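Residues per chain, in single letters:
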Amino acid sequence: MNLEKVVFGFFVLLAATLNFGFFLGDIANPALHNVYELFAAIVVSLIATVLKFGDRTQIGAVHLATSLVADLQLISAALFWTFADGLSQEGLTPAATASVVSLSGGALFANVVSVVLLVVETVSYHRR
Amino acid sequence: MGNPLLAFWFRFLQDDDELPRRMQRWIPLVSSVQASATIFLILRRMRAPLIVLITIFAVSVLGLTLIPGQDGEGNPHRLGFFDAFYFMSYTASTIGFGELPYPFTQEQRLWVTISIYLTVIGWAYAIGSLLALFQGRAFRQARALQQFSHRVARMREPFLLLVGYGRTGELLARSFDAMGRRFVVIDADPDRIDALDLASYHADVPALAADAHNPGHLGVAGLANPQCDGVLALTNDDEANLAVTMTAALLRPELPVIARTISQSIGSRMQAFGSPTVVDPFDRFGDHLRIALRAPATYQLMMWLESGPGAPLPSRGSPPAEGRWVMCGYGRFGRHLTEDLRAEGLDVTIVEPKPLPDVEGVVVGDGFEPAVMKRAGVAEAVGFVAGTDNDTSNLSLIAAARRVNPDLWVAARQNRPTSESLFAVMEVDALLVPTEVVAHEVFAQLATPLLWRFLQEVPALGDRWAAGMLDRMVDHCGQELPLLWKIRFVAEETPTLMAWLASGQARLGDLLRDPDDRDEELPVVALMVLRDGECVPGPADDFVLDCDDELLLCGEAGARRALGMTLVVDATREYVLTGRHVPASWAWRRMAALRHRDEGHRDEGHRDEGHRDEGHRDEDHW
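**Brief notes about empty space enclosed by the protein**
All names here are of chain B. Enumeration over the complete set of coordinates arrives at one cavity of 30 Å³ or more. Every residue along the wall of the largest cavity is listed here: Gly-69, Gln-70, His-77, Leu-79, Leu-100, Pro-101, Tyr-102, Pro-103, Phe-104 and Gln-108. Its residues placed into classes, the lining of the largest cavity shows six nonpolar, four polar and no charged.

Structure (C-alpha cells):
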C-alpha cells in the first residue's frame, strides 16, 4: 500500500463528495445549501490541486486540468455568494442562490471527471 | 515540426533533397528536457509548503467565522467568510489594518492570536522553500541552459562553435570578434565562462559551462542550428576534442571541424571521422622552424599574417642553417623538432635525463649541469632548444647555455601563460607557445578561405619575394597587421564593375584608387588573385582582372570602406576609373540624360558611342 496514493485518492474523492453535498437540493432555495460546505469544498479542492502538482504523466496532466477547472468554478461560486450576501441590496435571492449552486454544479462535473480518471488509473494498474 | 499540417506543407512545397541536413538527422537537444524536469521538481517540492499554507488559512478562516462576536451596539454578530478571509489575508501577511468591521471580543482575539502564529509560520515555510529552490544549483543551471539555448536559437548570422575557452580559445575569440565573426562558446569550467562574461566583446557571445562530451550540449550550442558554419575543438583534454570531432562528424558531416591535439594517436583517431583539420602545435612549430631555416622573410610574413588583425610585425629571426644544435628535453615536442631539424640536414645532440637506447646522439643528464653542457658541446653549438614541459627548467636551461655560449640561437617552449613575462625578458629567438600556435593556425584557416590558400603558396615563392611583399605591406599599411578581406568579382558583390571587367582592360591599379582623389593610391596591398583555382600571388598594378576572379587584399578599415564605395556606387566607380564626375541622384541623372539627348540631336550624333552606352547602362541599373 502506497500512503501517497491513499492521501491522493482521499482528497480527490473528498473534493467530489463535498461538492456533491453542497450541490444537492432545490437549486433556488438558500436554506438547502450550507455555505460552510462550500468553504470546505473549496479548501479540499485546492489541496487536491496542489497534490497533483509535479506529475509528468499524461494522465497526471489531465488530473491537474480537471482540478484547476473545479477550483475556478468553486471560487467563482464563492465570489458570487460573497457579492449576493454582503454587497447587493437584495441579499441571497433565489436567483442568486441558483447561480451559486449551478456554478458549483459545473465544478461537480469536473470533480466527477477527476474521480473517473482516478478509477481508470487504478483499474489499468496491473501488479506484476 | 511539431504540427503535422506544417510538416505536410513543408514537404509538399519543397523537394526532399533541398531539405536542410539537420531535418534529415536527429540532433539531440538537452535543454528542453532538463528545464521541464526542473520545473516539475519545483512543483513537486512545493506540494508540502502549499498544502500547509492552505490548511492553516482554511482553519483560521473557519474558526473566525464560527466564533461569536459583537457589533458596535453590543448585538451578537458573526464574521462572514469574506470578512474573515479579508482579515486573515492582511493579518497573515503582517500588514495589519486592525479589527474590522467591529472591534473583536476576547474569544475572537484568542483565536486570532493563535492564527497569527500559525499563518506566519506557514508563509515563512512556503516562501523559504520557494527561495531555496530558486537558489538551488540544479535550477540555476537549468535556467542558464534555457537562456543559452534561446540566445543560440536567435542567432541569424553564421557563427562558429568554440568548444574550450582556454588561452587558445580566448585569443581566437578576440581575433574573430575584431573581424566581426560571431561565435558561441562552451567550456567545462564555470570560471572560464565567468571570465568570458567579463571580457568585453563587441558582439553578444552566448556561453555555457557544460561538458562537451554530451552531444545534447553541442546540439543546443549550435550544432542543431543551420547558421553554424564550423566547429572548433580546442579544449586541453584530447579525449574531449575527439568526442567533439566525432559528434560533429556524425551529426553534421558537412561542417568543417578543426581540432587540437598533441597526441598522434588521438590525431589519427580524429581523422577516422570525416576529414577534420587536426592541429598539432608541436608539429606545426617544427614545420615553421624549417621554413625559417630556409627563408627567414617567408617565415616572418607567414607569422605576421597568421597573428590576426592588429598584430605587430614580428622580427625577422635567422636561425643558423649550418652547424650543430643542442636539444634539451626529448618529449613529444623534442622528438618532432629533432626529426624536422635532422630532415634539414642539421646535426642534433639530444640532452635527456633518461637514457634513450634507440636514438642516436644522446647525452644523458640534466642540461643545466655544467658537466653535461660540456659533454653536449654547447660551447661549439650554433643553436639551442629548451623544450622540456617545465617552464622553470626551460628558463634555467637557457640561462645556463647562454653563460657557456652567448652567441647561441635559442628556441624555447613556454608551457604556462603566466611565464610569458619571464620568457619576454630572456629575449628568446623563437618561442613556442602551443596555445598561440593553435590559435594562429585556426585563425589562418577560418579568417578568409583565400588567406589559407595564400599561406600554402608562400613557401614556394622564395625568400626574396616574401621580403618584397613585406616591404610593400609595411609601406602601405604600417607596422601593424591590417584587415584581410577578399573581393569576388561577381554581379552580387561588385555590381558596378561588370562591364569594366568584361572590357579586358581592367587593370588592378586603376581600381585601387582613392574615391576622394583618384591621383592617390588607396593604402591597400593585393596579396593574391585566385582565377579558376590558379593562384597569382602578389599581382602588380597592371594585372588585368576578369569576371569571377577572387582578390585577397589587406588594408585599413577606411581603405576597405572606400573600395566598397567604388564597388557598389556607379558615380564613384565612374570617377575612380575614368575621372568623370557623373550625378549620383536619380533626378540629376534623368536631367543629365535628357541634356545629353538634346545635345545629341543638335550635334547630330557627334558624341562618342561608348559614352552613350555607359549612360544607358546606368539607367538599366536603376
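**With respect to the pattern of salt bridges**
All names here are of chain B. If you walk through the whole model with that rule in mind, you get 19 salt bridges over all chains. Two residues, Arg-182 and Glu-157, come together in a salt bridge whose shortest N-O distance is 2.8 Å. Linking Arg-182 in strand 4 (residues 182-187) with Glu-157 in the loop between helix 6 (137-153) and strand 3 (159-163), this pair joins segments that are 25 residues apart in sequence. Assessed through its relative accessible area of 14%, Arg-182 is described here as buried.

**Brief notes about the sheet that holds strand 13 (residues 409-413) of chain B**
Residue and element names in this part refer to chain B. Within the open sheet, the six strands sit side by side as 11-10-9-12-13-14. Their pairing is parallel. The open sheet has two edge strands with one neighbour each: strand 11 (362-364) and strand 14 (430-432). Going across the sheet, the axis of each strand differs from the next one's by a mean of 15°, ignoring polarity. Examined bridge by bridge, strand 12 (residues 383-386) and strand 13 share four bridges and lie parallel to one another. For Val-385, the partnering residue across the bridge sits in strand 13 and is Ala-411.

**Notes on the interface of chain B and chain A**
Listed by partner, the interface residues are 18 residues for chain B and 16 residues for chain A. For the pair chain B and chain A, the two sides together bury roughly 1600 Å², of which 75% comes from carbon and sulfur. Contact with chain A buries area across many residues of chain B, yet Arg-47, Ile-54 and Phe-81 of chain B alone supply 36% of it, more than any other trio. Linking chain B with chain A are one salt bridge. A salt bridge links Glu-4 of chain A to Arg-47 of chain B; its shortest N-O distance comes to 3.3 Å. Between chain B and chain A we count five residue pairs in polar contact (both at pLDDT 80 or more) in total. Elements with a minimum of two residues in the side of chain B that touches chain A: helix 3 (31-66) and helix 4 (81-92) of chain B. Here the residues of the side of chain B that touches chain A sort into 13 nonpolar, three polar and two charged.

**Points about the layout of surface pockets**
Residue and element names in this part refer to chain B. Considered as a void within the structure, the largest pocket measures approximately 1100 Å³ in volume. Lining the largest pocket are 36 residues, and of these Met-303, Pro-314, Leu-431, Glu-436 and His-440 sit closest to its centre. In terms of residue count, helix 18 (residues 434-446) provides more of the lining of the largest pocket than any other element does, five residues in total. Here the lining of the largest pocket is built from residues that sort into 23 nonpolar, seven polar and six charged. If you trace the second largest pocket, you find 26 residues lining it, with Ala-144, Ile-193, Ala-207, Leu-208 and Ala-209 closest to the centre. Tallied by class, the residues present in the lining of the second largest pocket amount to 16 nonpolar, four polar and six charged.

**Overview of helix 6 of chain B**
In this model, helix 6 of chain B (17 residues) spans 24 Å end to end at C-alpha, consistent with the 24 Å of a helix rising 1.5 Å per residue. Here helix 6 of chain B has its buried residues at Phe-139, Ala-142, Leu-145, Phe-148, Ser-149 and Val-152 of chain B.

**Re the pairing of strand 4 of chain B**
Residues and elements named next belong to chain B. Counting buried positions along strand 4 gives six out of six residues, so the element sits mostly inside the fold. Of the strand pairs in this sheet, strand 3 and strand 4 are connected by five bridges, and their pairing is parallel. Its bridge partner being in strand 4, Leu-162 is matched across the sheet by Val-185. Tracing the backbone out of strand 3, into helix 7 (residues 167-179) and back to the parallel element strand 4 gives a crossover that is right-handed. The sheet contact formed by strand 4 and strand 5 (residues 207-209) spans three bridges and is parallel. When the sheet's bridge partners are listed, Val-185 is paired in strand 5 with Ala-207. Once you follow strand 4 into helix 8 (residues 190-198) and on to strand 5, the crossover reads as right-handed.

Calculation rules
- Residues numbered from 1 in each chain as written.
- Chains lettered and ligands numbered in written order.
- Predicted model: local features only at pLDDT ≥ 70, side-chain atom pairs only at ≥ 80, totals over all residues.
- Heavy atoms only, no water.
- 1 Å grid on protein atoms, 1.4 Å probe; cavity = no way out; pocket = protein on both sides within 12 Å on 5 of 7 lines; lining within 4 Å.
- Points joined across faces, edges and corners; volume = space filled by probe spheres on them.
- Nonpolar A, V, L, I, M, F, W, Y, C, P; charged D, E, K, R; others polar.
- Salt bridge = Lys/Arg side-chain N within 4 Å of Asp/Glu carboxyl O.
- Helix = DSSP H or I, 4+ residues; strand = E, 2+ residues; numbered from the N terminus.
- Buried < 20%, exposed > 50% of the residue type's maximum accessible area, 1.4 Å probe, protein only.
- Pairing = 2+ DSSP bridges.
- Axes fitted to C-alpha atoms, helices over the stretch in contact; angles between N-to-C directions.
- Contact = heavy atoms within 4.5 Å.
- Buried area = accessible area lost by both parts, 1.4 Å probe.
- Polar contact = N/O pair within 3.5 Å; in protein donor to acceptor, adjacent residues only side chain to side chain.
- Expected span 1.5 Å × (residues − 1).
- Right-handed = clockwise from strand over helix to strand, strands pointing away.

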